[in-house]
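A look at the structure
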Amino acid sequence: MIKRISNPLLIFSLLLFLLSACAVKKMVKQAEQFEAAGMFGEAAELYYEALQKKPDKAELKIALKRNGQVYYEEQVAETRSSYNRQEYKETVYLYIQANQRIEKYQRQGVSIKTDPAMDRYFSDAKNYYLDQRYNSGLKLLGDEEFGEAKRIFTEISEIDANYKDTRNYLNQASFEPLYRQGNQHFQDGRYMDAYRQWENIFAQDKSYKDTRTRMEQALSERYKEGSLLLMHESFNDAATALGDVYQANPNFKDVKVLYTEARNEPVYRQAMVDLDKGRCRTAYFDFSRIIEDAVVYKKSKTLREQALKCAEYPVAVYSRPINHYTADALQFENTLIGSLVDQQNIFLKVFNLSTINSRMESSLVNSAGKMDSRLLQLLYDENGIKAVLYLDYDNYEKKSGELQKESKTGYERVVTKNDLGETKIYDRQVKYNEYSQENRIALSVAYKLVSTTTGEILLSNTYSDSRKDQISYATYGGNKDQLYPATFNRGVWNIDEQGYRRLQSLLREETQIKSLAQLQKYLFEELTNKIAVDINQFNPER
Amino acid sequence: MKHFIFLFLMIFLISCSSSRKLSYKQQMEGAPAWVKQSPNASAYYHGVGMASKVMSPTDYRELARQNALSELASAISVNISSSSVLNQFEFDDNFSEYFRDNIKLSTEQFLEGYELVESWENEQQYWVYYQLSKSKFEAIKQARIDKAVNVSKADFEKARDFEKVANFQESMRFYIKALEGIKDFLADDITTEVDGTKQSYTSLLIAEMLKMPGNLEIVMQGEKPRYTRGLGHENENLVLKVLYKGQEAVKGVNVNAEFSYAPGKSVQQSSDANGLIRVRLENIDTRKKEEYVKARANIDKLIRESTNDPVIRRLVESITFPEYVFPVEIVSPKWYVETVEKNLGTSLSSKIMERTFRTLLASDGFELVKSKDAADYILLCESDTQNGNEVNGKYIARLDAQIRLMNQQSQVVYTKPVSDISGLGSSFQAAGEDAFQSLESKIRISIYPAMYKSLFK
């Protein structure tokens, strides 16, 4: 049977079941020992634990009832004894413990027969004990010992929640220290700390003294602090103060407006300065921040439009032709313009120089690669172009490889089994073809972003890259799976079993090579994207 | 792995198996009849006791003997006589039970004349059987009662003598001693000759003792006292006098005094040679016009000194002494409030500070008067605002104030300068009014409570 148990989960479950059953058995055994030794309380607890694990076991219920009852009688005797010694606190707590036990057992379906005398002892002892504790609590309240008073009234409340005026005094003992701490904070000018103390009380008892009014007063003072700071243009501190009030009550007076002002006014002012000094892009971003935060704040929307207009950055793209590949240069330029537009830079406006001024194309850059500053200025004056993105190509290489074909000798192997189970192999010499081809393209491009007003080279870099694709494959007209390569040695063709896997791989290879046009597209996209990212990240105001 | 599991299961099965036990019937084989059933011979009280040899291997014989004697004592029924102590005091069920338990315990302690009948044991248990002749028990008990009454009567006479000379303390002490003398027979009807006639001794003793508290009286010396609310009463005393039968001053009586205006606080004092008690007053901080001091004799100490017996203590502690209530008149100080409140140099038409102080004082139960001469305290406040800045149509005003409190003798008892309170508004005047609102908050939250505390807490 053991041999058949191979599932680890089943083994684990079985062990768990045995462990549980064994634990209950051990508990019962120990409980029996306790019972024999007259330790009925301990025995009852163990039976109770066992019953929790095996709630349907009738003998456990009986044992719990038997021991629980005997232990209860012992507790009755102990309670009586403490009552007679006039140790009322002990009487009260013995009664409570006994009752808790009874209730606990009751939840497991085991009822213990109670002694009415217990209620009498408890009732009497409770009166004595609580009266004494109540008076102590009152005295402590009078002496403003709130912590100790709270402890006492909490204890009374746990024993008898309706005892005299305990609820009120417990509230007083709990809340008065907070209330006073609030007063002290208020006096020290820590209005929000005061607010929080009173709020804490208010959350628990809405009618405690004048906490609601005081909360308003604390907010009012903090609001005033914030307003004064705002007037003195201490925007950060004002934002902190007004933010405190706003968090506590967003509808407090006009705190929302003032808090918005405290947060946004310094940004607004800085944006105005930036706009004035031509740092339009920075101003645009700041106005955007304000609009995002406040939606409407002063003239932010109009000024942002103004900043955007001013921050626009028209760039004319111009590239030198590539010898023998004029169309390719044009292709690269167009791809670059596409990449620049894809950046979605709201400031960047891209133009093709030939579209703006076709005459200028031939004369903007001399043979030494130097730009004509007069023409640059003209571009700015007549077309508003702020910079020319000039591209210069080098090492352009395009190579379209021929498809190489080689006829090869191989063997087609046929394996058969006869009726006797014997295996027979037939190798038939055959011909198959192997092909190879490679396409390659490479380019190095240097770019310069040149200011039309100053002729300054604002940004420059060179990127080089290449793309190639090559194919190698084999074709065979027969059964490809049975095809083996062959080696020629000393005038004899032999089957090459070791080369089988390589040949099978070649037979499954791709037979279509990527065209040069495809490779060019990938290469141009790669290179233009790098340049576009550079231009996008370029901030003319830095 | 599979072998391991098999081994594991075997260990479980072995460890979970239980051992065999001897049945109860087998254990009790050969036990005599008195073990199986309680003996029943009417001329005797019987006691059978058992102890486990396993549980008490060294002292099981003594334990069994104690159990047997306890059962024997239980068999002696406790009849509480109609003239017993229990029927004269008004006790609840808890005490009645306690009383019975103690009589049983006392019976057990003084058990004499019992004899061992037989013992039996097996491997686990030891059993013993005692008996006591009922007639023998009664004779022994009567001898003990006679002896106890003789001693008690001597103390009873002393108690009477001290009572005649109004010595409450000593009289009470000897009544307690007399009661203690017969403590083992409190459930019995003891008849003996007192004052030349045969009468129930316990009833007489208790009746005379219970008369004592009613004769003790606490009176106040002089007229209804009048106190002014506030601090400064720490050295003042309320003088009470303890009298016996309304005439004789009683010394040494402990009196417990409580104050209606200081819940939970109490003072204990003993009467001096002239029966006087000087109760030191607590701080009087109350809005009421009349409060009271409650006084009651407390003989706990006397009881502790007079007896160690818990039953007698509980009996005597249950004697209630009358409570005397002495009203005291509380006079609240009269206040005069005068404020000068200006906003930018112009007097306010509605005085904020004055209104605030008046509201707070009235809510604390103080009387406000219109004349300085009639006042116990004179509160003077001066305040004015000044222009601050103006920014974007918002105006700031600054407020300074001076608050001074003087007593009748013009002595300054509290002062508070308030400065640099800012107000905001759409004009300097509105800003000044706003600053006054802030001042009002400060008065409510910090200034007034501090001033109040300095005088009354």
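Residues numbered from 1 in each chain as written. Chains lettered and ligands numbered in written order. Predicted model: local features only at pLDDT ≥ 70, side-chain atom pairs only at ≥ 80, totals over all residues. Heavy atoms only, no water.

1. A word on the overall build of chain A
Within chain A, the secondary structure is distributed over 19 helices and eight strands. Its C-alpha atoms give chain A a radius of gyration of 47 Å, clearly above 24 Å, the size a compact globule of 542 residues would have. Taking the principal axes of its C-alpha atoms as reference, chain A extends roughly 120 × 105 × 25 Å. Within chain A, buried positions represent 43% of all 542 residues. Partitioning the contacts of chain A with sequence separation of at least 6, the portion at a separation of at least 24 is 65%. (Helix = DSSP H or I, 4+ residues; strand = E, 2+ residues; numbered from the N terminus. Rg over C-alpha atoms; globule rule 2.2 N^0.38 Å. Buried < 20%, exposed > 50% of the residue type's maximum accessible area, 1.4 Å probe, protein only. Contact = heavy atoms within 4.5 Å.)

2. Re the sheet that holds strand 14 (residues 323-331) of chain B
Residue and element names in this part refer to chain B. Taken in spatial order, the five strands of this open sheet run 7-14-13-10-11, and their pairing is mixed. Two strands lie at the open edges of the sheet, namely strand 7 (226-228) and strand 11 (266-270), each paired on one side alone. Averaged over all pairs of adjacent strands, the angle between their axes in this sheet comes to 30 degrees, without regard to strand direction. Summarising the sheet, strand 10 (residues 254-259) and strand 13 (residues 290-297) pair through five bridges and their orientation is antiparallel. By the bridge assignment for strand 13, Ala257 is matched with Ala295. (Pairing = 2+ DSSP bridges. Axes fitted to C-alpha atoms, helices over the stretch in contact; angles between N-to-C directions.)

3. Some words on helix 6 (residues 146-159) of chain A
Residue and element names in this part refer to chain A. Spanning 14 residues, helix 6 covers 20 Å between terminal C-alpha atoms, matching the ideal 20 Å at 1.5 Å per step. For helix 6, the set of buried residues is Phe146, Ala149, Ile152, Phe153, Glu155, Ile156 and Ile159. Looking at the packing, one finds that the buried side of helix 6 touches helix 4 (88-107), helix 5 (116-142) and helix 7 (166-187). (Expected span 1.5 Å × (residues − 1).)

4. Considering the pattern of salt bridges
All names here are of chain A. In total, this model carries 63 salt bridges over all chains according to the counting rule given. A salt bridge links Lys298 to Glu265, with the shortest nitrogen-to-oxygen separation between them at 2.8 Å. Separated by 33 residues along the polypeptide, Lys298 in the loop between helix 12 (280-294) and helix 13 (300-311) and Glu265 in helix 11 (residues 255-276) bring together distant segments of the chain. One continuous salt-bridge network, built from bridges that share partners, spans Glu144, Glu176, Arg180 and Lys209. (Salt bridge = Lys/Arg side-chain N within 4 Å of Asp/Glu carboxyl O.)

5. Brief notes about empty space enclosed by the protein
Applying the stated criterion to the full structure yields four cavities of 30 Å³ or more. Quantified by volume, the largest cavity comes out at close to 40 Å³. Taken together, Phe110, Leu111, Glu112, Phe137, Ile140, Lys141 and Arg144 of chain B form the lining of the largest cavity. Class assignment for the residues of the lining of the largest cavity results in four nonpolar, no polar and three charged. The residues that make up the lining of the largest cavity include at least three from each of domain 1 (2-86 + 101-135) and domain 2 (137-215) of chain B. There is about 40 Å³ of room inside the second largest cavity. Lining the second largest cavity we find Gly68, Tyr71, Tyr72, Gln75, Ala98, Arg101, Ile102, Tyr105 and Ile112 of chain A. Of all the secondary-structure elements, those providing two or more residues to the lining of the second largest cavity are helix 3 (58-84) and helix 4 of chain A. (1 Å grid on protein atoms, 1.4 Å probe; cavity = no way out; pocket = protein on both sides within 12 Å on 5 of 7 lines; lining within 4 Å. Points joined across faces, edges and corners; volume = space filled by probe spheres on them. Nonpolar A, V, L, I, M, F, W, Y, C, P; charged D, E, K, R; others polar. Domains from an automatic or database assignment.)

6. Comments concerning the packing of aromatic side chains
All names here are of chain B. If you walk through the whole model with that rule in mind, you get 48 aromatic pairs over all chains. Taking the centre distance of 5.7 Å and the plane angle of 85 degrees together, the rings of Phe156 and Tyr201 count as edge-to-face. Of this pair, Phe156 sits in helix 7 (residues 134-164) while Tyr201 sits in helix 9 (residues 201-215); the two residues are 45 residues apart in sequence, bridging distant segments of the chain. Tyr201 sits in the buried class, given a relative accessible area of 0%. Summarising the aromatic geometry, the rings of Tyr452 and Phe456 are spaced 5.0 Å apart at their centres and angled 40 degrees between planes, so their arrangement reads as tilted. Within this pair, Tyr452 and its partner Phe456 are both found in helix 13 (residues 428-456), separated by four residues, close to a single helical turn. The burial state of Tyr452 is the same as that of Phe456; both residues are buried. Within the aromatic cluster, the residues linked to one another by ring pairs are Trp335, Phe366, Tyr377, Tyr448, Tyr452 and Phe456. (Phe/Tyr/Trp six-rings, centres within 6.5 Å; stacked < 30°, edge-to-face > 60°.)

7. A look at the environment of Met353 of chain B
All names here are of chain B. Summarising the element assignment, Met353 is placed in helix 12 (residues 352-363). As for Met353 and Ile190, which are separated by 163 residues in sequence, their C-alpha atoms are 80 Å apart. When neighbours within four sequence positions are excluded, Met353 is seen to be in contact with Thr339, Glu341, Cys381, Ser383, Ala401, Ile403, Phe436, Leu439 and Ile443.

8. Examining the pairing of strand 5 (residues 197-200) of chain B
With four bridges joining them, strand 4 (residues 191-194) of chain B and strand 5 of chain B adopt antiparallel strand pairing. Along strand 5 of chain B, the bridge assignment pairs Thr191 of chain B with Ser200 of chain B.

9. What to know about the pairing of strand 13 of chain B
All names here are of chain B. What you see with strand 13 is a clean split: Glu291, Val293, Ala295 and Ala297 sit on the buried side and Glu290, Tyr292, Lys294 and Arg296 on the side with no burial. The sheet contact formed by strand 13 and strand 14 spans seven bridges and is antiparallel. Residue pairing in the sheet places Glu290 in a bridge with Glu329 of strand 14.

10. Thoughts on the nonpolar core
In terms of nonpolar packing, the biggest core is built from 64 residues, with Phe168, Met172, Leu179, Leu216, Leu238, Leu240 and Val316 of chain B touching the most fellow members. Per-element tally for this core: the top contributor is helix 8 (residues 168-181) of chain B, with seven residues. Two domains share this core, each providing at least three of its residues, namely domain 2 (137-215) and domain 3 (216-307 + 317-331) of chain B. Leu46, Tyr72, Ala117 and Phe146 of chain A belong to the second-largest nonpolar core, a separate cluster that totals 46 residues. (Core = buried A, V, L, I, M, F, W, Y, C linked by side-chain atoms within 4.5 Å.)

11. Some thoughts on helix 9 (residues 211-231) of chain A
Owing to its 3.6 residues per turn, the α-helix brings residues three or four apart onto one side. Residues and elements named next belong to chain A. Over its 21 residues, helix 9 runs 30 Å from end to end, which matches the ideal 30 Å to within 8%, given 1.5 Å per residue. The buried fraction of helix 9 amounts to 16 of the 21 residues, a majority that puts the element mostly inside the structure. Just downstream of helix 9 lies Glu233, where phi reads positive at about 60 degrees.

12. A look at the packing of helix 7 of chain B against helix 9 of chain B
Residue and element names in this part refer to chain B. Running from N to C, helix 7 and helix 9 cross one another at 25 degrees; their axes reach a closest spacing of 12 Å. One way to sum up the angle between helix 7 and helix 9 is to call them roughly parallel. Crossing of helix 7 over helix 9 shows left-handed handedness. Taking contact as the criterion, the partners of Ser152, Lys153, Phe156, Arg160 and Glu163 in helix 7 are, on helix 9, Tyr201, Leu204, Leu205, Glu208, Met212 and Asn215. By residue class, the composition of the contact of helix 7 with helix 9 is five nonpolar, two polar and four charged. (Parallel < 35°, antiparallel > 145°, perpendicular 65-115°, else oblique. Left-handed = near helix turned anticlockwise from the far one by under 90°.)

13. Concerning the packing of helix 7 of chain B against helix 8 of chain B
All names here are of chain B. Between helix 7 and helix 8, whose axes approach to 8 Å, the crossing angle comes to 165 degrees. In this view, helix 7 runs roughly antiparallel relative to helix 8, as classed from their interaxial angle. The chirality of how helix 7 crosses helix 8 is left-handed. Facing Ala148, Ser152, Asp155, Phe156, Lys158, Ala159, Arg160, Phe162 and Glu163 of helix 7, the residues of helix 8 in contact are Glu170, Ser171, Phe174, Tyr175, Lys177, Ala178 and Gly181. Its residues assigned to classes, the contact of helix 7 with helix 8 shows seven nonpolar, three polar and six charged.

14. Focus: the side chain of Ser220 of chain A
Secondary-structure assignment places Ser220 of chain A in helix 9. Overall, the relative accessible area of 18% leaves Ser220 of chain A in the buried class.

15. Some thoughts on the confidence of the model for chain B
All names here are of chain B. In this model, chain B carries an average pLDDT of 87, and 90% of its residues clear a pLDDT of 70 or more. In this model residues 9-20 is a low-confidence stretch, pLDDT under 50, and it forms ten contacts with partners more than four residues away in sequence or in other chains. Taken together, the chains of this predicted complex give a pTM of 0.72 and an interface ipTM of 0.73. (pLDDT = per-residue confidence, 0-100.)

16. Regarding unusual backbone geometry
Residues and elements named next belong to chain A. The backbone of Lys298 sits at a positive phi, close to 45 degrees, despite the residue not being glycine. Taking the relative accessible area as the measure of exposure, Lys298 reaches 53% and is therefore exposed. Within the chain, Arg490 stands out as a residue other than glycine whose phi angle is a positive 50 degrees. Among the secondary structure elements, Arg490 is positioned in the loop between strand 7 (483-489) and strand 8 (492-495). For Arg490, a relative accessible area of 81% translates into the label exposed.

17. Some details on the sheet that holds strand 3 (residues 125-133) of chain B
All names here are of chain B. With respect to topology, three strands assemble into an open sheet ordered 1-3-2, the strand pairing being antiparallel. Here the strands that pair on one side only, and so sit at the sheet edges, are strand 1 (44-52) and strand 2 (115-121). Taken over all neighbouring pairs, the strand axes of this sheet differ in orientation by 15 degrees on average, direction set aside. As judged from the six bridges shared by strand 2 and strand 3, these two strands associate in the antiparallel manner. The partner of Leu116 across the bridge, within strand 3, is Tyr130. Strands strand 1, strand 2 and strand 3 of the sheet are contacted by helix 4 (residues 60-75), whose axis makes an angle of about 150 degrees with strand 1. Of the strands in this sheet, strand 1 and strand 3 touch helix 7, which is tilted by about 65 degrees from strand 3.

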